[in-house]
Amino acid sequence: MFEMLLIEGLAIGACYGLFGVAVAIIYKTSDVINFAQGEMGMVATFVAYHILTVYNVPFWIAFPATMVFAILLGMAIEFCFLRPAKDPTVLGLLIITLGAEMLLMGLAGWKWGAEQKDFPFLLSVTKTHEIAPDLAINEWTIGVFTLTIIIMVSLFLFFRYSKLGIAMRATQQNVNAAKIMGIKVERVFSITWAMSSLIGAIAAMFFAARSVLDPNFMMEPFMRAFAAAVLGGLTSIPGVVIGGLIMGIIENFFGYAWPEWKPIVAFVVIILIITVRPSGLFAKHYIKKV
Amino acid sequence: MLAVKNIETWYDLIRALHGISFEIQQGAIVALLGSNGAGKTTTLKTIMRLLDDDQPEKGTIEFLGKRIDRMDTEEIVRMGISYVPEGREVFPELTVMENILMGAYTRKDRKGIQEDIDGILKQFPILDERRNQQAGHLSGGEQQMLAIGRALMSRPKLLMLDEPSLGLSPLLTKEIFTIIQKINQQGVTILLVEQNVNMALKYSHYAFLMENGRIVRADKPEILREDDDVKEFYLGIATETSIKGYKRYRRKVRFR
Ligand SMILES: Nc1ncnc2c1ncn2[C@@H]1O[C@H](COP(=O)(O)OP(=O)(O)OP(=O)(O)O)[C@@H](O)[C@H]1O
Ligand SMILES: [Mg+2]
């Protein structure tokens, strides 16, 4: 039982972590918590649902198509909402992302309705594989772990070794100096939002496969992923994933012991940690220059 | 090589440059001097197009015969202007090596880039020693060398430096000026903004004096050095009792 709870907690935690990474990537570059992140993932999941059920195409076509949609959606939101704001304050940016959130939610409600749907995901939560005697894990969990590892390794390699990745980090640290180098910072912002939207959409589909699909389904996962990201420090990508894993484990164990406390226990723990270490567990000490 | 004509730059409702004009000849070291708030940094930022999109409000800037006053910064870098900003502005969490690489962002020739990296590490041995350290942990002088090395990575034809000696010891200042001179001898034209008028006049071939957003003097350094006003107000060598002289100087400067 212990192993089961641990693995399940790690899996859901990896989802929080992935989604938290999506939040953190934008935070590092645009200096804003993107409150529309959950709804961007929600709309992308609905698009996947639409492609799967209305056009009846196989999953291996629907999935890449959705990824392309998520990339375009991220770029579109950056272009339409963030870019026109001239010298915005952090509060102004926050309101802008909240506006985008409302818009996306309204759009999804209008197009697909508010009733709950089943999301026909490739990986099932009920189909299990026995990986050791007495230890069976479901396909969904295997999928989460595989994708999390793939995404984390790709991100690491990208930010560490590719010219564009280094340029993105440079832009995060000093936009003006980046411009002086001849880096097209607008393109960097656009790519950042595309990457974040893509990762967020993947995580959202995994969330949808575990629960149901409706215009509100990303509200709670977003809050938890956000909390996990804060726990991990918001600026360190591995930190955010570890924050997510911690969150998932705590939630799953307490949820098993005291089910009625499950929704809040993780938040309580986070508040405790934040009071002791306000910058999160793994934040770097460097303060961003204004 | 660079021709600035009647440039006016505004920060919202404040006019920072009141129509300035100057020219830079290929191969020279040109100093742009002036007191705090004269508009030196604004001039460089205007040339690099780092201010608002609609600036400069008036006037033209030509580089190698081409209008650049409506180009993107990125294109200007590609054309061959490189800028070492006031306060170095290195990327603090990138390593020294990554900072240098970013200087070559607009280039694609891998072999050439590698050669230039080797050249710069040779020219600045201290950077070679710290190549894998975070740039934010370097000392001020080391950061200045990094900023200059990084700016050279785009193979500029014109290198603009904004107060490279800021916060450096006299010894290090001298070293930086020697480096600038060496870069110039390798064929790079230099536009140098300085508070250290003494040093700047020693190393430059031509100098402009700026006050209140205008260019008020333009001459060879040997002539400026002997000028009484310059002696008194920039070199700090008093020739007559001051307040009166200062007022006279302000008047002279204002009505040009
Ligand atoms: N972002 C800004 N917004 C409004 N006014 C500005 C801005 N930047 C500079 N100014 C004003 O423009 C004028 C010129 O400033 P600038 O920075 O170009 O001076 P400077 O010659 O570089 O001075 P210093 O030697 O102190 O660096 C100053 O009066 C300054 O107050
Ligand atoms: Mg200045």
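The structure contained in this document is the topic of the report that follows. If you're wondering where the values come from, they're calculated on a predicted model, not measured in any experiment.

About the cut-offs
- Every chain's residues receive numbers from 1 upward, in the order its sequence appears when written.
- As they are written, the chains are lettered A onward and the ligands numbered 1 onward, keeping that order.
- Local features in a predicted model are, by the rule used here, given only for residues with pLDDT of at least 70; side-chain atom pairs are given and counted only at 80 or more, and totals for whole chains, interfaces and linings are based on all residues.
- Excluded from the side-chain calculations are hydrogens and water; all other atoms, namely the structure's heavy atoms, are used.
- Whether two residues are in contact is decided by their heavy atoms, any of which lying within 4.5 Å being enough.
- Buried area is a sum: the accessible area each of two parts loses on coming together, probed at 1.4 Å, counted once for each and added.
- One speaks of a salt bridge when a side-chain nitrogen belonging to Lys or Arg is within 4 Å of a carboxyl oxygen belonging to Asp or Glu.
- In the analysis that follows, any N or O atom pair within 3.5 Å is treated as a polar contact, provided that within protein one partner can donate a hydrogen and the other can accept it, and provided that, for residues neighboring in sequence, both atoms belong to side chains.
- Under the DSSP-based scheme used, a helix requires at least four consecutive residues in state H or I and a strand at least two consecutive residues in state E, with every element numbered from the N terminus.
- In this scheme, a helix's expected span is set at 1.5 Å multiplied by one less than its residue total.
- Burial classes: relative accessible area under 20% of the type maximum marks a residue as buried, over 50% as exposed, and values in between as partly exposed (1.4 Å probe, protein chains only).
- Any two strands are treated as partners once DSSP identifies two or more bridges connecting them.
- Of all possible arcs, the one meant is that of the directions from the helix axis to the C-beta atoms.
- Geometry is summarised by axes, namely lines fitted to C-alpha atoms with helices restricted to the contacting stretch, and by angles between N-to-C directions that run from 0 to 180 degrees.

Contacts between the two partners involve 22 residues from chain B, matched on the other side by 20 residues from chain A. Buried area between chain B and chain A, both sides added, is near 2,100 Å², and the carbon and sulfur share of it is 62%. Contact with chain A buries surface across chain B, with B:F91, B:E93 and B:Y105 losing the most and accounting together for 31% of the total. There are two salt bridges connecting chain B and chain A. Of the charged contacts, one joins A:K184 and B:E74 as a salt bridge, the two residues approaching to 3.9 Å between their closest N and O atoms. Counting across the interface, chain B meets chain A through six residue pairs in polar contact (both at pLDDT 80 or more).

As a further point, take helix α9 (residues 219-232) of chain A. Residues and elements named next belong to chain A. Look at α9: 20 Å from first C-alpha to last across 14 residues, which is about the 20 Å you get at 1.5 Å a residue. For α9, a buried count of ten out of 14 residues is recorded, marking the element as mostly surrounded by other parts of the structure. Within α9 the residues assigned to the buried category are P221, F222, R224, A225, F226, A227, A228, A229, L231 and G232. Remark: G233 follows α9 within two positions and exhibits a positive phi of approximately 110°.

Here we take up the environment of B:I120. Residue placement: B:I120 occurs in helix α4 (residues 110-123). Distance from B:I120 to B:M153, taken between C-alpha atoms, is 8.2 Å for residues 33 residues apart in sequence.

A few words on the pairing of strand β4 (residues 58-63) of chain B. Residue and element names in this part refer to chain B. As paired elements, strand β1 (residues 2-11) and β4 share five bridges and run antiparallel to each other. Residue pairing across strands places L2 opposite F63, the latter belonging to β4. Relative to strand β5 (residues 66-67), β4 runs antiparallel, the two sharing two bridges. Directly across from F63, in β5, lies its bridge partner K66. Between β4 and β5, which pair antiparallel and follow one another directly, the connecting turn spans two residues, one of which, L64, has a positive phi of 50°.

This part covers α4(B). Spacing of three or four residues puts side chains on the same side of an α-helix, whose turn is 3.6 residues. All names here are of chain B. The end-to-end C-alpha separation of α4 is 20 Å, in line with the 20 Å expected for 14 residues at 1.5 Å each. Within α4, the full set of buried residues consists of G112, I113, D116, I117, I120 and L121. In an axial view of α4, the angular spread of the buried residues amounts to 165°, which keeps them on one side of the axis. Along α4, exposed side chains directed more than 90 degrees from the buried face belong to K111 and K122. The elements touched by buried residues of α4 are α3 (96-103), α5 (125-129) and α6 (140-152).

Another point: the sheet that holds strand β2 (residues 14-24) of chain B. Whenever strands of a sheet pair, they do so through backbone hydrogen bonds, lying parallel or antiparallel. Residue and element names in this part refer to chain B. Ordered by their spatial adjacency, four strands build an open sheet running β2-β1-β4-β5, and the pairing between neighbours is antiparallel. Of all strands in the sheet, those with a lone pairing partner are β2 and β5, marking the two edges. Bridging between β1 and β2 involves eight bridges; their strand directions are antiparallel. From the neighbouring strand, A3 faces β2, where its bridge partner is E23. Of the strands in this sheet, β1, β2 and β4 touch helix α1 (residues 40-48), which is tilted by about 75° from β2.

These figures come from the coordinates and say nothing about function on their own.
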